Amino acid sequence: MKKHFWSLLMVSAVLAGCASGVKLDDVQVEDKSATSQGTGPGVAVQGIAASQGGAQTGVATVTVAPTNTVQGPVGVARLVFFDYDSFVIRPEARPVIASHAQFLLSNQQRKANLEGHTDDRGGREYNLALGQKRADAVRQALSLLGVPESQLEAVSFGKEKPMATGGSEVDQAQNRRVEIRY
C-alpha cells in the first residue's frame, strides 16, 4: 500500500510539472532585499513631538507584534533539492514534504509559499519555467497528502536568488531547490 502511494505521488508530481501552464510574461518577482531600519515586527516607536512649520505634532507609541510566532514544523528542513534540469522530487525529500503536510493539516490557518529556484545554467525564461515546475511538484505532493490548495502558493524565482554564488557543482546543486516558507 505504502509503495503504491509513493508511486502515485511521483507520477502525479511528474504529470503536474508537465502540465504547467506557466506564462512567463505574467511572472512577478518581488524584491525582498530592501532592509528596514528598526521598524520590523516587535519594534516599538516611542512617542515624539516634532515641530513642523511652528505646529506641534505628537506621534503615539506604536507596537507591532508578530501575529503568529510558529514558522513551520520545528526541526524539519525547509528545502527540497532537485537534480540538474529536473523537477522530479527525490526520495529523500518525501519525509520533509510529509512533515510539512502534517503541519499544514494541523494548522489550517497557515499558508505556505513554495519558492522554486534553479542554478545559473540556462536562460532566464527557461529557468523561471523550471523553477515553477519544481514549486508545482512540491505543491502537488502536498496536495496529494491532503493539504488544501488554498493553503499553498507556488512561485518561481528561477536563477535570480541563488543560495550559493560559486561555480562548483556543489554550489550549483544548492541552488536547485524549492524553499518552503510560512
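Here is a short report on the structure shown in this document. What you see is a predicted model, and the numbers here were worked out from it, not measured in a lab.

Considering the pairing of strand 8 (residues 177–181)
Most of strand 8 is tucked away: 4 of the 5 residues are buried. Summarising the sheet, strand 5 (residues 79–81) and strand 8 pair through 3 bridges and their orientation is antiparallel. Looking at strand 8, one finds that Leu79 is bridged to Glu179. Strand direction decides the pairing type here: strand 6 (residues 112–117) and strand 8, joined by 4 bridges, are antiparallel. In the sheet register, Glu115 faces strand 8, and the bridge partner there is Glu179.

Topic: the environment of Ile89
Checked against the element boundaries, Ile89 lands in the loop between strand 5 and helix 2 (94–106). Taking relative accessible area as the criterion, Ile89 reaches 4% and is therefore assigned buried. In sequence terms Ile89 and Arg134 are 45 residues apart; their C-alpha atoms lie 8.1 Å from each other.

Thoughts on the sheet that holds strand 5
Sheet strands pair by backbone hydrogen bonding; their relative direction is either parallel or antiparallel. Reading across the sheet, the 4 strands line up as 5-8-6-7 and stay open at both edges, with mixed pairing between neighbours. In this open sheet, the two edge strands, each paired with only one partner strand, are strand 5 and strand 7 (152–158). The average angle at which neighbouring strand axes cross in this sheet is 20 degrees, direction not considered. Sheet topology places strand 6 next to strand 7; 6 bridges connect them, and they run parallel. Note that in strand 7 the partner of His117 across the bridge is Gly158. The strands touched by helix 3 (residues 124–144) are strand 5, strand 6, strand 7 and strand 8; relative to strand 7, the strand with the most contacts, the crossing angle is about 155 degrees.

What to know about the pairing of strand 6
For strand 6, the buried fraction is high: 5 of the 6 residues fall into the buried class. This β-α-β element, strand 6 to helix 3 to strand 7, shows right-handed connectivity.

What to know about helix 3
Its 21 residues place the ends of helix 3 30 Å apart at the C-alpha level, agreeing with the 30 Å of an ideal helix rising 1.5 Å per residue. Across the 21 residues of helix 3, 15 count as buried, placing the element largely inside the fold. Where helix 3 ends, the next residue or the one after it, Gly146, has phi of about 105 degrees, a positive value.

Each value, and the rule that gives it
Residues numbered from 1 in each chain as written. Predicted model: local features only at pLDDT ≥ 70, side-chain atom pairs only at ≥ 80, totals over all residues. Heavy atoms only, no water. Buried < 20%, exposed > 50% of the residue type's maximum accessible area, 1.4 Å probe, protein only. Helix = DSSP H or I, 4+ residues; strand = E, 2+ residues; numbered from the N terminus. Pairing = 2+ DSSP bridges. Axes fitted to C-alpha atoms, helices over the stretch in contact; angles between N-to-C directions. Contact = heavy atoms within 4.5 Å. Right-handed = clockwise from strand over helix to strand, strands pointing away. Expected span 1.5 Å × (residues − 1).

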